[in-house]
Amino acid sequence: MIKMLGRDPAGPHLRCDRMKTLLIGLCTVILVWFCAAPAWAFCGFFVAKAEASLHNASSKVIIARDRDRSTFVMANDYQGEVKDFARIVPIPVIPKREQIRIGSNELVEGLDAFTAPRLVQYYDDAGKLWQRERNAYLLGGFWIVAGGLYLWFLSRLGGMKMVVELCVVLLIVGILAAVFLPSLLGQANKAKQAADNQSAINVTVADRFTLGEYDITLLSAEESDSLTAWLSENGYPISANARSMLQDYIEQGMKFFVVKVNLEAFTQGEYNYLRPIVLEYDSPNFMLPMRLGTLNATAEQDLIVFILSRDRAATVANYKTAFIPTDNKSRSQKPSGEELPPFVQEEFPAFYEAMFQREYEKQGKNAAFLEYAGFLGMGACDPCSVPPEEIEKLQTLLDQDGFTDFSYITRLHVRYTLDKFPEDLVFAETSLKDLYAEMEKQDLASRNRGVLFQGRYVIRRLQDAPSGLAKWRYGRWKPLWAKNLADSTGWDLKSIEDKIALYADTAALALRWSEQGQKLARSGQHERALNYYKKALELDPSNATIWSNQGVSLYELKRPQEALEAFEKALSLNSIDWTARDYQEKLRVELGGESR
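About the criteria used
Within every chain, residues take consecutive numbers counted from 1 along the sequence as written. Where totals are concerned, whole chains, interfaces and linings use all residues; where local detail is concerned, this predicted model gives features only for residues with pLDDT of at least 70, and gives and counts side-chain atom pairs only at 80 or more. Side-chain calculation: all heavy atoms of the structure are included, whereas hydrogens and water are not. Stacked, tilted and edge-to-face are the three classes applied to pairs of Phe, Tyr and Trp rings, where Trp contributes its six-membered ring and a pair requires centres within 6.5 Å; stacked means planes under 30 degrees apart, edge-to-face means over 60, and tilted covers the rest. Working definition: helices are DSSP H or I runs of at least four residues, strands are E runs of at least two. Numbering for both runs from the N terminus. Note on exposure labels: buried denotes an accessible area under 20% of the residue type's maximum, exposed denotes more than 50%, and partly exposed covers the range between, all computed with a 1.4 Å probe on protein chains only. Only when DSSP finds a minimum of two bridges between them are two strands counted as paired. Residue contacts follow a heavy-atom distance rule, with two residues in contact if any of their heavy atoms lie within 4.5 Å. Inter-axis angles, ranging from 0 to 180 degrees, are taken between N-to-C directions of lines fitted to C-alpha atoms, where helices are fitted over the stretch in contact. It is the directions from the helix axis to the C-beta atoms that the arc portrays.

Draft legend 1. Focus on the packing of aromatic side chains. Considering all chains together, one arrives at 19 aromatic pairs under this definition. Where Phe348 meets Phe351, the ring centres are 5.9 Å apart and the plane angle is 25 degrees; that geometry is what we call stacked. With Phe348 and Phe351 both in helix 8 (residues 348–362) and three residues apart, this pair spans about one turn of that helix. The buried category is assigned to Phe348, whose relative accessible area is 0%. Taking relative accessible area as the criterion, Phe351 reaches 1% and is therefore assigned buried. Geometrically, the ring pair formed by Phe348 and Tyr457 is tilted, given 6.1 Å between the ring centres and 50 degrees between the ring planes. A residue pair is termed long-range when its members are at least 10 positions apart, and Phe348 in helix 8 and Tyr457 in strand 19 (residues 456–462) qualify at 109 residues. Of the residues examined, Tyr457 reaches a relative accessible area of 6% and is grouped as buried.

The structure is reproduced here in structure tokens:
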């Protein structure tokens, strides 16, 4: 065998392997680039359009749990004549008089607003969206030219057969990229006093006193007939079918906290509403008696429980705790594919009610729903459903009510009837780490470090009209938004699509009016600009950007009060519109008010 000098027989194969390796690397770079630069250059922000009163007949209870001590803040959602109000609460122990006090409605309302399911709104800058696409096109062109030169080099080095094979590989990679690119852009991410014996036999009154507008009695009983007789004799109306339930509580060793309105004190105190009652006691039983509330109910009852803790979260131990559906993935520059149509902003309470009822039925009508779990404070929420000054006020209220170090809150929502919830709620404390791990398994954990979980729903709106492929890609989201809404609520898909089309036409016209107003404002013609902003807001009154732009023009025209009102409206729609917030602060100072 003759050995040829100057050439290794293995050389061509090694060169071929190197070329293939380089080709794979090139294909990988191209594929990664087009997947990593999806042209969704959303320059947006969100609006916290949460509705604190999403449910009409809902009771609200705050429970602060610290070892074996439970502190209850019981909001009164009673509807009727004040003189007829009465409440009977089974409790495991008789508390001391100093463990009962009057609470703050503001605290209940503040926690409700802070943890309420919220609607996020991102404003997408179509101009920047197209600019990013243009950059992608240029870079893509560069790679095409580079790839052509590379193939030419290969043809010179290894013949046409290798070039054909490599072109086939590139074609397959290109087809796969084109097919799966939408999914890689995010669409695949689919998917809460001393004893005083009374006339009734076997009833012991441990204490009786008046506190604020309430007459309060603490008592125990040996059997339900005597307790029912005592309640009737003392003006606490109770239905006849309550005997068996009261007997069940008595056999469990429960005591009773009974309260009614002292009309004289209520009148003299000039109260406009019944204030919450705060009750605390020490007991290993971490539970909330709710069954008595079903006796006079004519329909399903809603209960919102806010559980405060120093370092833990809570779930319901004796019923399933389900996570309310949420969009935890969508971000300003990263659509998730789980967004909803923009018109949901005007119908958010109706959307949430329909969605909740659907999930409630899916779970067999006997599950508690987690709606929020996380840190209680500034910067924790994503987004915050209340402005920063309201969070500061909430923290002050917590301090005033003795909850200074309770830094974490869990919001649980229970819709119940007696047949589906035959037992009272029993709670279990869980570590933040364990709860987060469970949510991670279901891909529901919040991406914000301060929030473990929140009911979060997203809409996207254009600031201006898109062009190029951006227009086509953006338009492709609308059918998906419609399907998401239909699947979540059970609403008719065709009606949703019709409403999306109508809203899109109206919003587009509003944008054109607004853009014309901005052009005039930039040239100093603020009076004329206001006419265009007015027309735009008549078409789209939920657009925070237009309200903010109107405020700027009003400010430049030396109309401070009107400007302040415009900026406050913008902030009510988008609590982190920093331009509006800066002007608001400035105008409050100019008008002689306090800056917050």
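Draft legend 2. Representation of the environment of Glu264. Looking at the element boundaries, Glu264 is found in helix 7 (residues 263–268). Once the C-alpha coordinates of Glu264 and Tyr214 are considered, the two residues, 50 residues apart in sequence, prove to be 9.9 Å apart.

Draft legend 3. Quick peek at unusual backbone geometry. Positive phi, normally seen in glycine, also occurs at Lys365, with a value near 60 degrees. In this fold, Lys365 is placed in the loop between helix 8 and strand 15 (367–375). For Asp443, which is not glycine, the phi dihedral falls at a positive 55 degrees. Relative to the elements of secondary structure, Asp443 occurs in the loop between helix 10 (432–441) and strand 18 (451–454). By relative accessible area, which is 33% here, Asp443 ends up partly exposed.

Draft legend 4. Highlighting the sheet that holds strand 17 (residues 425–431). Reading across from one edge, 11-17-13 is the order of the three strands in this open sheet, with antiparallel pairing throughout. A single partner strand is all that each edge strand has here, and the edge strands are strand 11 (287–288) and strand 13 (312–316). Sheet topology note: the strand 11/strand 17 ladder contains two bridges and is antiparallel. Across the sheet, Met287 pairs through a bridge with Val426, a residue of strand 17. Packed onto the sheet, helix 10 meets strand 13 and strand 17 and runs at close to 95 degrees relative to strand 17.

Draft legend 5. Seen up close, helix 6 (residues 243–251). Residues Met245, Leu246, Tyr249 and Ile250 constitute the buried set of helix 6. Taken around the axis of helix 6, the buried residues stretch over an arc of 145 degrees, which confines them to a single face. Facing away from the buried side of helix 6 by over 90 degrees, the exposed positions are Ser244 and Glu251. Residues of helix 6 that are buried make contact with strand 3 (86–91), strand 8 (214–221), helix 5 (224–233) and strand 9 (255–261). Backbone geometry just after helix 6 places Gly253 at a positive phi near 85 degrees.

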